[in-house]
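The primary structure of each chain is shown beneath.
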Amino acid sequence: GEPDSAIAKAHLLSTYIERNDRPRAQALADSIVAGPEDCPNCLLNAAYLALADRNEARAEAIIVKLQHSPALGNDKPLFAGYVLATGQLLELQGDIPGAEATYHQAVKLDPYNPLPIMQLSLLLARKGRADDARAAEAKAMVLFPPAERPERRAYFEHVLAQPHPATSTTPR
């Protein structure tokens, strides 16, 4: 195959991200975002990378570019990933009600994907809605591979333990 093909770039970017090779992942994501080819999965991974780095402007620019991909309407997993990334962007921008609604939409689109359920649980935890957060977290946990559960649960508990504005006025 062509080394510059969209599929090759998508796999390479995924590999860099999985190996936590940030410099190479970022460089490849930059070239993909700047490039003319339509690689929606590449754009989605680039958006997730920007979101993980809490780079709001970059994530928004990539998500807007992804919006214009013809593949978005024909690929249900891609669309579900796009909705999840949009929810994460809304949360990063401080639109908590919008993020929550978008996470619910992502869960409906892909109910067996633990990631949108986990994002929803973390958002609810940050809002101080511990009972709702725990219910969502429990649904997500059973969908994660067993080896991933301890780390995910520990992170969830860490987020839940943080002080939240909503909890300071709410009796327990």
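Definitions and cut-offs
Counting starts from 1 at the beginning of each chain's written sequence and moves along it residue by residue. It should be noted that, the model being predicted, local features are given only for residues of pLDDT at least 70 and side-chain atom pairs only at 80 or more, the latter also being counted only at that level, while totals for whole chains, interfaces and linings use all residues. Calculated side-chain values reflect all of the structure's heavy atoms, with hydrogen atoms and water omitted. Secondary structure elements follow DSSP: runs of H or I of four or more residues count as helices, runs of E of two or more count as strands, with numbering from the N terminus. Each radius of gyration reported is based on C-alpha atoms, and the globular scaling rule is 2.2 Å times the count of residues to the power 0.38. For every residue, the accessible area obtained with a 1.4 Å probe (protein chains only) is divided by the maximum for its type, and the residue is called buried under 20%, exposed over 50%, and partly exposed between those limits. Residue contacts follow a heavy-atom distance rule, with two residues in contact if any of their heavy atoms lie within 4.5 Å. For the area figures, the Shrake-Rupley method with a 1.4 Å probe applies, and any residue is considered shielded solely by the protein chains shown. We place a 1 Å grid over just the protein atoms. Points where a 1.4 Å probe fits but has no way out form a cavity, open points with protein on both sides within 12 Å along at least 5 of 7 lines form a pocket, and any residue with an atom within 4 Å of a point lines it. Grid points are joined across faces, edges and corners, and a volume is the space filled by probe spheres set on the points. Any residue outside Ala, Val, Leu, Ile, Met, Phe, Trp, Tyr, Cys, Pro, Asp, Glu, Lys and Arg is labelled polar, Gly included; the first ten of those are nonpolar and the last four are charged. Per-residue confidence from the prediction method is given by pLDDT, with values spanning 0 to 100. Disulfide: a pair of cysteine sulfur atoms within 2.5 Å of each other.

Draft legend 1. Looking closely at the overall build of the chain. For the chain, the helix and strand inventory stands at 10 helices and zero strands. The secondary structure elements of the chain, listed N-terminal to C-terminal, are α-α-α-α-α-α-α-α-α-α. For the chain, the C-alpha radius of gyration of 17 Å lies close to 16 Å, the compact-globule estimate for 172 residues. With respect to the three principal axes, the spread of C-alpha positions in the chain is 60 × 30 × 30 Å. Looking at the chain residue by residue over its 172 residues, the buried ones come to 41%. Partitioning the intrachain contacts of the chain with sequence separation of at least 6 by distance along the chain shows that 55% fall at a separation of at least 24. For the chain, the accessible area works out to roughly 9,600 Å², and carbon and sulfur atoms hold 56% of it.

Draft legend 2. Geometry of the layout of surface pockets. Approximately 1,400 Å³ is the volume attributed to the largest pocket. Of all the elements in the fold, those that place two or more residues in the lining of the largest pocket are helix H3 (40–52), helix H5 (76–92), helix H7 (114–126) and helix H9 (149–161). With eight residues, the top contributor of residues to the lining of the largest pocket is H5. Of the residues in the lining of the largest pocket, the class split is 18 nonpolar, seven polar and eight charged.

Draft legend 3. Here's a closer look at the confidence of the model for the chain. Summing up the model confidence of the chain, the mean pLDDT is 89 and the portion of residues at 70 or higher is 93%. Taken element by element, the predicted model of the chain shows its lowest mean pLDDT in helix H10 (residues 165–168) (48) and its highest in helix H8 (residues 130–141) (97). This model gives residues 167–172 a pLDDT under 50, and the stretch forms two contacts once residues within four places in sequence are excluded.

Draft legend 4. The state of the cysteines, seen in detail. Across all of its chains, the model carries one disulfide by this definition. Two residues, Cys 39 and Cys 42, share a disulfide whose sulfurs are 2.0 Å apart. The S-S bond linking Cys 39 to Cys 42 shows a torsion near 60 degrees; that makes this disulfide right-handed. Relative accessible area serves as the criterion here: at 4%, Cys 39 is assigned to the buried category.

Draft legend 5. Representation of the side chain of Gln 119. By the element assignment, Gln 119 lies in helix H7. Looking at Gln 119, the relative accessible area reads 17%, which means it is buried. Ignoring any residue separated from it by four or fewer positions in sequence, one finds Gln 119 in contact with Leu 84, Gln 88, Glu 91 and Tyr 103.

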